[in-house]
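Inside the fold
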Amino acid sequence: MKKIQNRIRCIYGVKTLLAFLLGVMLYQTAVSERVWFLYFALIIVEMIQFFRVSIPMIKIENTIHDLSRDFDENTENTELELDKKLENVFQWLKEASNREYKMQILRKEAELNELQSQINPHFLYNTLESIRGEALLEDMTEIADMTEALGFFFRYSISRKKSVVTLEEELKNIQYYFLIQKFRFGDHIDMKIEVEDDSVKNYLLPKLTLQPIVENAIYHGLETQVEEGHVEISVGKTDQRLVLVISDDGRGIGEDELEKLNKRLHGNIDLTMQREENLKHGIALDNVNQRIKIRFGNEYGLHVYSTLGMGTDVVVNLPLMEYIEEENVGGMEVNE
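In this text, all values refer to a predicted model and were calculated from it rather than measured experimentally.

**Observations concerning the overall build of the protein chain**
The secondary structure content of the protein chain amounts to ten helices and nine strands. Evaluated residue by residue, the protein chain yields a buried proportion of 34% over its 336 residues. Within the protein chain, counting contacts between residues at least 6 apart in sequence, those at least 24 apart form 65% of the total. Within the structure as shown, the protein chain displays about 21,400 Å² of accessible surface, and the carbon and sulfur contribution to it stands at 55%.

Here it is in structure tokens:
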């Protein structure tokens, strides 16, 4: 039985017993009708008071019980005390509030960093187009292609219009990014993209989710090895999640380092650590992981599997959020 319900029933059970005993005493003493009227009036008032107090409190406890079931998977099989249920609810509210607060901080920091390092984007794009035009006139197709890829990558990265994009846009950007890297590494690296179903390309994810992971695979996994290196991006989904797997056959990660990395990725959001990581390594796995967690919650993010000398798999878990173009509106609808 629930704790509050037991207490309420106990209190009003005692009151009912006392009222019954009082009624017996009044009957034995043959009191007047006026006294009996006051007696029954008192009982009716007590009954009304019982329903006014107990029913709202029982509803509150039932609501807290239902909420706590969502936050604590153990409550399906066990009854928790009210204070434990309240603790679960408040903990969830606190985490949600902290996540929103930290997202606002990251937005402000991003805006400040952009202002501090801002180049006139139109000047940059126009310059790249001029270089591309000159390259085409001189029949230097490789330079023209590289300049086009670089221009698209900068437009995609610098644009502030959207922080969440479709998977199709993200895959297009990573192809341009890899083309730029191919000009540097040549046939030393190669990339393959496998998509389970074209319908998943309509799902949403934070912009620049793939590029930092692929960059990490190239510079930390493939760059130093002698033989040709491969990067493979596999995309699929479950009933509730969009799953991206970025694999490379590079030098891999040792067990101790891998354990520390995953512990950091699965830990709480730490903005100080993120700033330190950015200073050392630029945009990296921690950055992608924390952006996902801040936006969608701690149940999403990155996990890394690796074997030293054999390669690394980075698994990205995201919620299923679908982009739907609304006719005559030009907006978007998100289905989870």
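**A word on the sheet that holds strand β4 (residues 229–237)**
Taken together, the five strands give an open sheet; going across it, the order is β2-β4-β5-β7-β6, and neighbouring strands pair in mixed fashion. Either end of the sheet is taken by a strand with one partner, and the two such strands are β2 (189–195) and β6 (301–307). On average, adjacent strands in this sheet sit at an angle of 15° to one another, irrespective of strand direction. Two strands pair when backbone bridges link them, and β4 and strand β5 (residues 241–248) are joined in this way by seven bridges, in the antiparallel orientation. For Ile233, the partnering residue across the bridge sits in β5 and is Ile246. Where helix α7 (residues 210–222) meets the sheet, its contacts fall on β2, β4, β5, β6 and β7 (311–319), and the angle it forms with β5 comes to roughly 20°. Sitting on the sheet, helix α10 (residues 285–296) is in contact with β6 and β7, with an inclination near 145° to β6.

**Some words on the pairing of β6**
In this structure, β6 lies alongside β7, joined through seven bridges in antiparallel fashion. Bridged to Tyr305 within β7 is Asp313. Where β6 folds back onto β7 in an antiparallel hairpin, the turn is made up of three residues, including Gly309, whose phi is positive at roughly 85°.

**Describing the side chain of Asn173**
Inspection of the secondary structure puts Asn173 in helix α6 (residues 167–185). Looking at Asn173, the relative accessible area reads 0%, which means it is buried. Setting aside residues no more than four positions away along its own chain, Asn173 makes contact with Phe152, Phe153, Tyr156, Leu208 and Gln211.

**Description of the pairing of β5**
Within β5, six of the eight residues are buried, leaving the element largely enclosed by the surrounding structure. Between the end of β4 and the start of β5, which pair antiparallel, lie three residues. In the sheet, β5 pairs with β7 via eight bridges, with the strands oriented antiparallel. What sits directly across from Asp248, in β7, is Thr312.

**Details of the environment of Val245**
Along the polypeptide, Val245 turns up in strand β5. For Val245, a relative accessible area of 22% translates into the label partly exposed. Ignoring any residue separated from it by four or fewer positions in sequence, one finds Val245 in contact with Glu232, Ile233, Ser234, Asp313, Val314 and Val315.

**What to know about the side chain of Thr312**
By secondary structure assignment, the location of Thr312 is in strand β7. Within the structure, Thr312 has its side chain in polar contact with the side chain of Ser306 (distance 2.8 Å). When neighbours within four sequence positions are excluded, Thr312 is seen to be in contact with Ile246, Ser247, Asp248, Gly252, Ile253, Val304, Tyr305 and Ser306.

Cut-off values and rules
As a convention, each chain's residues are numbered from 1 in the sequence order in which they are written. Where totals are concerned, whole chains, interfaces and linings use all residues; where local detail is concerned, this predicted model gives features only for residues with pLDDT of at least 70, and gives and counts side-chain atom pairs only at 80 or more. Side-chain numbers here rest on the full set of heavy atoms in the structure, without hydrogens or water. By the criteria applied, helices consist of DSSP H or I runs no shorter than four residues and strands consist of E runs no shorter than two, each listed in order from the N terminus. Accessibility here uses a 1.4 Å probe with only protein chains present; expressed as a share of the type maximum, an area under 20% marks a residue as buried, one over 50% as exposed, and anything in between as partly exposed. The criterion used for residue contact is that any of the two residues' heavy atoms lie within 4.5 Å. In this description, accessible areas are obtained by the Shrake-Rupley approach with a 1.4 Å probe, and a residue is regarded as covered only by the protein chains that are shown. Pairing between strands is defined by DSSP: at least two bridges between the two strands are required. Every angle, taken between N-to-C directions, lies between 0 and 180 degrees, and every axis is a line fitted to C-alpha atoms, over only the stretch in contact when it is a helix. Side-chain atoms alone can form a polar contact between residues adjacent in sequence; in general such a contact is a pair of N or O atoms within 3.5 Å, and within protein one must be able to donate a hydrogen while the other accepts it.

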